[in-house]
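Structure at a glance
Chain by chain, the residues:
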Amino acid sequence: MSSTSLSLPLPSVPAWRRGLRRSLGHRGLVIGSVILALIALAALFAPWLAPHDPYAQEVTQRLIPPAWYAKGSWEHLLGTDKLGRDYLSRLLFGARVSLFIGLATALISGLIGTTMGVLAGYYGGRVDAVVSYIVTTRLAMPVVLVALATASLVGGSLKVVIVLLGVLLWDRFAIVTRSATQQLRDAEFIAAAKSLGASTPYILLRELLPNLMSALTVVATLEMAHAILLEATLSFLGLGVQPPTPSWGLMVAEGKAYMFFQPWVIVIPGVVLAVLVLGINLVGDGLRDVSAPDGRN
Amino acid sequence: MLSYVFRRLLVGLSVMLTVAVISFMLLHLSGDLATAIAGPESSAADVEKVRVQYGLDRPMITQFTDWLGSAVRLDFGRSFYFQNTVMELVGERLPVTLKLGGVALLLAVIVAIPLGVLAAIYRDSWVDRLSLLVAVVGQAMPNFWFALSLILLFAVGLKWLPVAGNTSWQHFILPAVALGYYAMPSLMRLTRAGMLDVLGSDYIRTARAKGLSPARVVFKHALRNAIIPVMALAAVELGFMLGGSVVIESVYSLQGLGQLAWDSISRNDYPVVQAVVLIIAVFYIGLTFVADVLNAALDPRMRTR
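Attention in this report is confined to the structure presented alongside it. The model shown is predicted, which means the values in this text are computed figures rather than measured ones. (Residues numbered from 1 in each chain as written. Chains lettered and ligands numbered in written order. Predicted model: local features only at pLDDT ≥ 70, side-chain atom pairs only at ≥ 80, totals over all residues.)

Glancing now at the overall build of chain A. In terms of regular secondary structure, chain A is built from twelve helices and zero strands. Every one of the 297 residues in chain A was classed for burial, and the buried ones make up 46%. Looking at chain A alone, contacts between residues at least 24 apart form 70% of all its contacts between residues at least 6 apart. (Helix = DSSP H or I, 4+ residues; strand = E, 2+ residues; numbered from the N terminus. Buried ≥ 20, exposed ≤ 12 C-beta atoms within 10 Å, placed from the backbone. Contact = placed C-beta atoms within 7 Å.)

Written as structure tokens, this is what we have:
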């Protein structure tokens, strides 16, 4: 596209520095990246940061409010849950669960969706019709219900949640890569590779795929946020990650019975969850703006 | 146009069939139904008895064709748990979910369209920023948590509305807000984008040049064209909301279709689960069909797809 349009001569700084400069100028992207980096660091260093063992129960220390309440103590900065487990420590370890599920799901669904989208976009015709049909069918299946029904039969666990969400959330990957591939299919560099006798797998993987990367990153971030929210929902309903694993959705579920008198038990994990998803969404939206061709927004 | 509608209808019907096959397979392959129904402590003889009693010993393909044959006549068999037929249970619960979905969509549209229009007219102003903020926050909050927070704030704190149940219309306000907030951001963004598109077009410039009042230009000329895709998206969003209402219904103990599905899942009442999945899929397919036709009526280029 940009090769044919007349544009001002670009300054002679390397592309990555221009990209970086533009990224730093995008407020949402910067804020999102900072949030995401902080939570990722918290997850990574959870064993060193956590003041207590997230699984250690203390019967005498049940439902202590956070430190800023009159009855709170500095021993448990964010209080304790109904089993006397330190809330802050559980939050830190819960970040691992959320991020891991987000990444793993995005990887599985990305693999499925990208394969379908690239094939549909590149070959068109009947392949495209079949893939479009599969996408339509997938969209017609209610994700939460199907996931709940299956998880209840198989038994909910971290692994089951990842596989289920991975198998259910590939639709956006397929739709985006399909239309991006359609646009690139007839590009000159693809024709050049073809005339040099490159094999189709080579063209798809080495020529086409690198050009889809920025679009894929955007979808991957949004899908990651989607998966994290769905994991929390499944865990909240009792069919996701199982206790005593610290999952933020599970923490809200466990606190539900106490929320009328101790609202912080659901407010804290919910806010953290929303902040993480907000951060990821800001990064996704920001990357989309920044990777758009010059002068477009 | 007619051939387009016909083609879409065919696709919709075959998608329904595929969803039926998949939801049937999913439930029959992801575990042994007879063991699940009989319970983990029951003996092998009991499991066998259950298997025969519920017809689960027949070949899978016979079970499926029997089920599908009755399903097209809207007969989903009997519940494993209650004495009622599945259709009786669904008939009792469906109105609650439809009411919830309808009110939620209405709320979402009432907020999204004016906000989207204002954001487009006053682009980059504080209205635009505020609407973006509302959308971004809405997409980040987990819906079960937002629903619980609404209870804490409006039912427990301010005591304006009841906590849970579905005996009066007041019971539907909080659940509808909780459900509708998730459809709102995308509707608003589409309204804004559509309005920006239209406001920059030649015929709007002509309308302005004719000396029409700004209000007339916005409402009579611009919004009219920008609104059809928004309505189409609203139809699709309603389909998503019906599927997602299980979470909201469980938080507010609304006795709707979602709650029925959720209870049936925990009771291993699979005829009901299968029926609900299929019914929600049928609603979604019907609503996307409406959306496609709306878009095609507006834009003839869509019909060739």
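The next point concerns the overall build of chain B. When you go through chain B residue by residue, the secondary structure sums to 13 helices and zero strands. Counting only C-alpha atoms, chain B reaches 85 × 55 × 30 Å along its principal axes. Within chain B, buried positions represent 41% of all 305 residues. Counting only contacts in chain B whose residues sit at least 6 apart along the sequence, the fraction spanning at least 24 positions is 74%.

Listed as interface residues are 33 residues of chain A and, on the opposing side, 37 residues of chain B. Among the elements that make up the side of chain A that touches chain B, the one with the highest residue count is helix α6 (residues 143-154) of chain A (ten residues).

With that settled, the discussion passes to helix α10 (residues 200-236) of chain A. Residues and elements named next belong to chain A. With 37 residues, α10 should reach 54 Å at 1.5 Å per residue; the first-to-last C-alpha distance of 45 Å falls well below that figure. Its axis deflected by about 55 degrees at Leu-209, α10 carries its strongest bend there, up to four residues before the proline Pro-210. Of the residues one or two after α10, Gly-238 is the one with positive phi, at around 90 degrees. (Expected span 1.5 Å × (residues − 1). Bend = angle between axes of the 7 residues up to and from the residue.)

Glancing now at the packing of helix α2 (residues 27-44) of chain A against helix α4 (residues 87-123) of chain A. The relative placement of two packed helices comes down to the angle between their axes together with the axis-to-axis distance. Residues and elements named next belong to chain A. Their axes nearest at 7 Å, the elements α2 and α4 cross at an angle of 110 degrees. The orientation of α2 with respect to α4, classified from their angle, is roughly perpendicular. The hand of the α2/α4 crossing is left-handed. Residues Ile-39, Ala-40, Ala-42 and Ala-43 of α2 lie in contact with α4, whose contacting residues are Leu-92, Ala-95, Arg-96 and Leu-99. Residues belonging to the contact of α2 with α4 are distributed by class as follows: seven nonpolar, no polar and one charged. (Axes fitted to C-alpha atoms, helices over the stretch in contact; angles between N-to-C directions. Parallel < 35°, antiparallel > 145°, perpendicular 65-115°, else oblique. Left-handed = near helix turned anticlockwise from the far one by under 90°. Nonpolar A, V, L, I, M, F, W, Y, C, P; charged D, E, K, R; others polar.)

For the bond from A:Pro243 to A:Pro244, the omega torsion is 5 degrees, close enough to zero to count as cis. On the secondary structure map, A:Pro244 appears in the loop between α10 and α11 (248-255). Positive phi, normally seen in glycine, also occurs at B:Asp124, with a value near 65 degrees. Residue placement: B:Asp124 occurs in the loop between α5 (86-121) and α6 (126-140). A tally of 8 C-beta atoms within 10 Å means that B:Asp124 is categorised as exposed.

On to the nonpolar core. A general trend in soluble globular proteins is that nonpolar side chains are found buried together. Grouped together as the largest cluster of nonpolar side chains are 167 residues, with contacts concentrated most on A:Leu145, A:Leu148, A:Val277, B:Leu187, B:Val276 and B:Ala281. With 18 residues, the single largest contributor to this core is helix α11 (residues 214-252) of chain B. Apart from residues no more than four positions distant in its own chain, B:Leu187 is found in contact with B:Ala108, B:Val109, B:Ala112, B:Val230, B:Leu233, B:Ala234 and B:Glu237. (Core = buried A, V, L, I, M, F, W, Y, C linked by C-beta atoms within 7 Å.)

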